[in-house]
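Chain by chain, the residues run as shown.
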Amino acid sequence: MTVEDWLLDSDPALRWQVMRDLTGASEADVGAERARVAGEGWGARLLALQAPNGQWGGGTLFPVWTSTAWTLMLLYHFGLDPATAQARRAVALVRENSRWEHAGQPFFSGEVEPCINGRTVAIGAYFGEDVGAIVDRLADEQMADGGWNCEQENGSTRGSFHSTICVLEGLLEYERATGGSPAVTAARERGEAYLLDRRLLRRLSTGEVTDPSWTRFSFPPRWFYDVLRALDHLRAADVTPDDRMSEALALVESKRRPDGRWLLENTHPGDVHFEMDDGQGRPSRWNTLRALRVLRWSERKRQ
């Protein structure tokens, strides 16, 4: 079995992305496969777990990783078509009922932490909700170094890789959904420069690796940063690779096993709805898909 065949022997949530990003399938075939997410497999299983009050797991942010916010992030990763009746119903229930534990804010009004708000923007923009006020807040909260940090309200003056990647993903999704604005694009590009100037994993001050766990690739990433997550964002943003990415790209390539697959690493503790890979240290379809599309994007853009 080839690596692509192995990837295709999976759930519709993953298979349609393999078809789009790796196999060159037609737009019609990709769309037909994506449409299955709402009614089959992982997507349908998650949708069926939503309570009548719109919540998953009994809460909005907590418990991790089965609450509403984290479940919606999974549906976002799965590419659940926002136009389906199942998606519209699920999102409407969240809009009408879900409130953040912080101070009872409506879900799509956001919270106070940039990392939470970045994910909320990604979810809201993708599913057609108005999250413009959160985007304005995030633009105002961008730090002098170009990053964001959930500890800013507690006095931090430096960006955080974790917070920054969450915000960048949200801003990019907002631009895709609405067309964005010059100000939003400029904020995103400054945030991307924050990561790139640090080679996606190093301290700007000393050049040391900031956190060795960032060299280990997890899925779902939750709120955690890692090098593959950053590269997959830069691919999605169609950034032209330069020397600042070279080390990170080489790291991804170095983790390719002789059988052409990548392992699941650094899974984050907490309850989950169900497993989507075979376990830590085992070949991961999600990581293999993401690594292959990153490497192919880099090769294509460098030609």
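Right above here is the structure, for reference.
This one's a predicted model, so the numbers in the text were calculated from it and none came from an experiment.

A. Geometry of the overall build of the chain. The helix and strand inventory of the chain stands at 13 helices and zero strands. Helices and strands appear in the chain in the N-to-C order α-α-α-α-α-α-α-α-α-α-α-α-α. The principal-axis extents of the C-alpha atoms in the chain amount to approximately 50 × 45 × 35 Å. The proportion of buried residues among the 303 residues of the chain is 55%. At a minimum sequence separation of 6, the contacts of the chain that also span at least 24 residues come to 64%. As displayed, the chain has an accessible area near 12,900 Å², and 48% of this comes from carbon and sulfur atoms. When the 36 positive and 44 negative side-chain charges of the chain are each reduced to one mean point, those points stand 2 Å apart.

B. A look at the packing of helix 2 (residues 12–23) against helix 13 (residues 285–302). Between helix 2 and helix 13, the shortest axis-to-axis distance is 11 Å and the interhelical angle comes to 15 degrees. As far as their axial angle goes, helix 13 and helix 2 are roughly parallel. Of the two elements, helix 2 crosses helix 13, and the hand of that crossing is left-handed. Contact residues: helix 2 offers Ala-13, Leu-14, Gln-17, Val-18, Arg-20, Asp-21 and Leu-22, while helix 13 offers Arg-285, Trp-286, Leu-289, Leu-292, Arg-293 and Arg-296. Residues belonging to the contact of helix 2 with helix 13 are distributed by class as follows: seven nonpolar, one polar and five charged.

C. Quick look at the nonpolar core. Residues Leu-75, Phe-78, Leu-195, Leu-200 and Leu-231 are the most contacted members of the largest nonpolar core, which totals 89 residues. For Leu-195, the residues in contact, after removing those within four places along its chain, are Phe-161, Thr-164, Ile-165, Leu-168, Leu-200, Tyr-225 and Ala-230.

D. How the structure looks around the state of the cysteines. Under the defined criterion, the tally for this structure stands at one disulfide. Here Cys-115 is linked by a disulfide to Cys-150, with a sulfur-sulfur distance of 2.4 Å. Here Cys-115 is found in helix 7 (residues 114–126), whereas its partner Cys-150 is found in the loop between helix 8 (132–141) and helix 9 (161–178), with 35 residues between them in sequence. Cys-166 forms no disulfide, and the closest cysteine sulfur to it belongs to Cys-115, at a distance of 5.8 Å. By relative accessible area, Cys-166 is classed as buried at 1%.

E. Region of interest: the packing of aromatic side chains. With the rule as written, the count across this model stands at 15 aromatic pairs. On the numbers, 4.4 Å between centres and 35 degrees between planes, the contact of Phe-161 with Trp-214 is tilted. Of the two residues, Phe-161 is situated in helix 9 and Trp-214 in the loop between helix 10 (182–196) and helix 11 (227–236); the sequence distance between them amounts to 53 residues. With a relative accessible area of 6%, Phe-161 lands in the buried category. Given the relative accessible area of 4%, Trp-214 is considered buried. Each member of the aromatic cluster is reached from another via a ring pair, and the members are Trp-42, Phe-78, Phe-219 and Trp-286. Taking NZ or CZ as reference, Arg-45 lies 4.0 Å from the ring centre of Phe-274, over its face. Positioned above the aromatic ring of Trp-6 is the side chain of Arg-261, whose terminal nitrogen or guanidinium carbon lies 4.3 Å from the ring centre.

F. Examining the environment of Arg-95 more closely. Residue placement: Arg-95 occurs in helix 6 (residues 85–97). Arg-95 gets classed as partly exposed once you look at its relative accessible area, which sits at 37%. In the structure, Arg-95 is positioned 80 residues away from Arg-15 in sequence and 29 Å away in space, judged by C-alpha atoms. Discounting residues that sit within four places of it in the chain, Arg-95 has contacts with Phe-108 and Glu-129.

G. How the structure looks around the packing of helix 9 against helix 10. Contact pair helix 9 / helix 10: the axes reach a minimum separation of 10 Å and the direction vectors enclose 145 degrees. Like other packed secondary-structure pairs, helix 9 and helix 10 cross with a definite hand, here left-handed. Mapping the contact onto sequence places Phe-161, Thr-164, Ile-165, Leu-168, Leu-171, Leu-172, Tyr-174 and Glu-175 in helix 9 and Val-184, Thr-185, Ala-187, Arg-188, Gly-191, Glu-192, Tyr-194 and Leu-195 in helix 10. In the contact of helix 9 with helix 10, the residues fall into ten nonpolar, three polar and three charged.

H. Focus on helix 11. Of all ten residues in helix 11, nine are buried, a share of seventy percent or more. Those residues of helix 11 not exposed but buried are Val-227, Leu-228, Arg-229, Ala-230, Leu-231, Asp-232, His-233, Leu-234 and Arg-235. Those residues of helix 11 hidden inside the fold are in contact with helix 9, helix 10, helix 12 (246–254) and helix 13. The backbone nitrogen of Leu-228 has a side-chain oxygen 3.0 Å away, supplied by the residue at the start of helix 11, namely Asp-226. Trailing helix 11 by a residue or two, Asp-238 shows a phi angle of about 60 degrees, which is positive.

How each quantity is defined
- Residues numbered from 1 in each chain as written.
- Predicted model: local features only at pLDDT ≥ 70, side-chain atom pairs only at ≥ 80, totals over all residues.
- Heavy atoms only, no water.
- Helix = DSSP H or I, 4+ residues; strand = E, 2+ residues; numbered from the N terminus.
- Buried < 20%, exposed > 50% of the residue type's maximum accessible area, 1.4 Å probe, protein only.
- Contact = heavy atoms within 4.5 Å.
- Areas by Shrake-Rupley, 256 points an atom, 1.4 Å probe, with all protein chains shown as cover.
- Lys, Arg positive; Asp, Glu negative; His and termini not counted.
- Charge placed at Lys NZ, Arg CZ, Asp CG, Glu CD.
- Axes fitted to C-alpha atoms, helices over the stretch in contact; angles between N-to-C directions.
- Parallel < 35°, antiparallel > 145°, perpendicular 65-115°, else oblique.
- Left-handed = near helix turned anticlockwise from the far one by under 90°.
- Nonpolar A, V, L, I, M, F, W, Y, C, P; charged D, E, K, R; others polar.
- Core = buried A, V, L, I, M, F, W, Y, C linked by side-chain atoms within 4.5 Å.
- Disulfide = S-S within 2.5 Å.
- Phe/Tyr/Trp six-rings, centres within 6.5 Å; stacked < 30°, edge-to-face > 60°.
- Lys NZ or Arg CZ within 6 Å of the ring centre and 35° of its normal.
- Polar contact = N/O pair within 3.5 Å; in protein donor to acceptor, adjacent residues only side chain to side chain.

Worth remembering: the numbers are spatial, not functional.
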